[in-house]
Amino acid sequence: MRVVIQENYDKMCKWAASHIAARINAHAADRPFVLGLPTGSSPLGVYAELARMNRAGEVSFGNVVTFNMDEYLGLPREHEQSYWHFMWSNFFDHIDIPRNNVNILDGMAADPEAECARYEAKIAACGGIDLFMGGIGVDGHLAFNEPFTSLTSRTGVRALTTDTRIVNSRFFENDPEKVPAKALSVGIGTVMDAREVLILINGHNKARALAASVEGGVSQKWTCSALQMHPAAIIACDEPACGELTVDTYKYFLDIEREERL
């Protein structure tokens, strides 16, 4: 596992965007680059920087296929809090990606379980995900894989905890009851199948989750800890998120990344 520590959120986002762009640019043109994407506040700066790079001609999404991590169950795509709406408003409308290359779970599917199985099958048909970018919650959940979700889980219907609904209520008039109680989400196993995983962790409120991801044991309590078993996992974080790391761990990753640049 790599842990790339940046001074602040903006620098973290620029590093992550540059890394993703470099992977896309280095990818052979014989098949699309398959990119997994999250929603939430953490990736907003990355999306803004990737859009800037696209406008500047530094990266193209013309040969990129995307799969989003999750979607609320029961929200139509036109709803302003749907993740379909989030992705088009904050990213896809600002880059040159072909519309047919975008894949987002359908929260209004008549058969949600069948929709999840279809999604897994389409990922496989595309040759698997080359890079999966994600963020984590304060309790370490990855996508909507809440604490104690199986670390081998696949895309499926997830019940959301009260804590998650309270946190997300800021987007629903601060009313947790207006937050959907369930969502469709890729599984931990789905994410772990990606050839590379890049997780964004920023802010002091995520410090315990970062420590659990890096220093804790692998546990269903902290689904983010599964990253320790991935052969090509990267955590990009800012200084405020490092508050719960031991001094030796913090210095170790700074030293390793410094050596990488030499």
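As a starting point, this report considers the structure included with it. (Residues numbered from 1 in each chain as written. Predicted model: local features only at pLDDT ≥ 70, side-chain atom pairs only at ≥ 80, totals over all residues. Heavy atoms only, no water.)

Our next topic: helix 4 (residues 112-125). Over its 14 residues, helix 4 extends 20 Å from the first C-alpha to the last, a length consistent with the 20 Å expected when each residue adds 1.5 Å. Here helix 4 has its buried residues at Glu-115, Cys-116, Tyr-119, Glu-120 and Ile-123. Looking straight down helix 4, one finds that the buried residues subtend no more than 140° of arc, so they occupy a single side. Facing away from the buried surface of helix 4 by more than 90 degrees, the exposed residues are Ala-124 and Ala-125. Buried-residue contacts for helix 4 involve strand 3 (64-68), strand 5 (102-103), strand 7 (156-159), strand 8 (182-185) and helix 6 (188-192). Gly-127, located one to two residues past helix 4, shows a positive phi value of around 90°. (Helix = DSSP H or I, 4+ residues; strand = E, 2+ residues; numbered from the N terminus. Expected span 1.5 Å × (residues − 1). Buried < 20%, exposed > 50% of the residue type's maximum accessible area, 1.4 Å probe, protein only. Arc of directions from axis to C-beta. Contact = heavy atoms within 4.5 Å.)

Its volume calculated, the largest pocket comes out at about 700 Å³. Lining the largest pocket are 34 residues, with Thr-39, Gly-40, Ser-41, Asn-168 and Arg-170 sitting closest to its centre. Going through the elements one at a time, strand 4 (70-72), helix 3 (83-90) and helix 5 (162-168) are the ones with two or more residues in the lining of the largest pocket. A class-by-class count of the residues in the lining of the largest pocket yields 13 nonpolar, 15 polar and six charged. Estimates place the volume of the second largest pocket at around 220 Å³. Forming the walls of the second largest pocket are 15 residues, and the residues nearest its centre are Arg-77, Trp-84, Trp-88, Val-102 and Ile-104. For the lining of the second largest pocket, the elements supplying multiple residues, two or more each, are helix 3 and strand 5. When the residues that make up the lining of the second largest pocket are grouped by side-chain class, the tally is eight nonpolar, two polar and five charged. (1 Å grid on protein atoms, 1.4 Å probe; cavity = no way out; pocket = protein on both sides within 12 Å on 5 of 7 lines; lining within 4 Å. Points joined across faces, edges and corners; volume = space filled by probe spheres on them. Nonpolar A, V, L, I, M, F, W, Y, C, P; charged D, E, K, R; others polar.)

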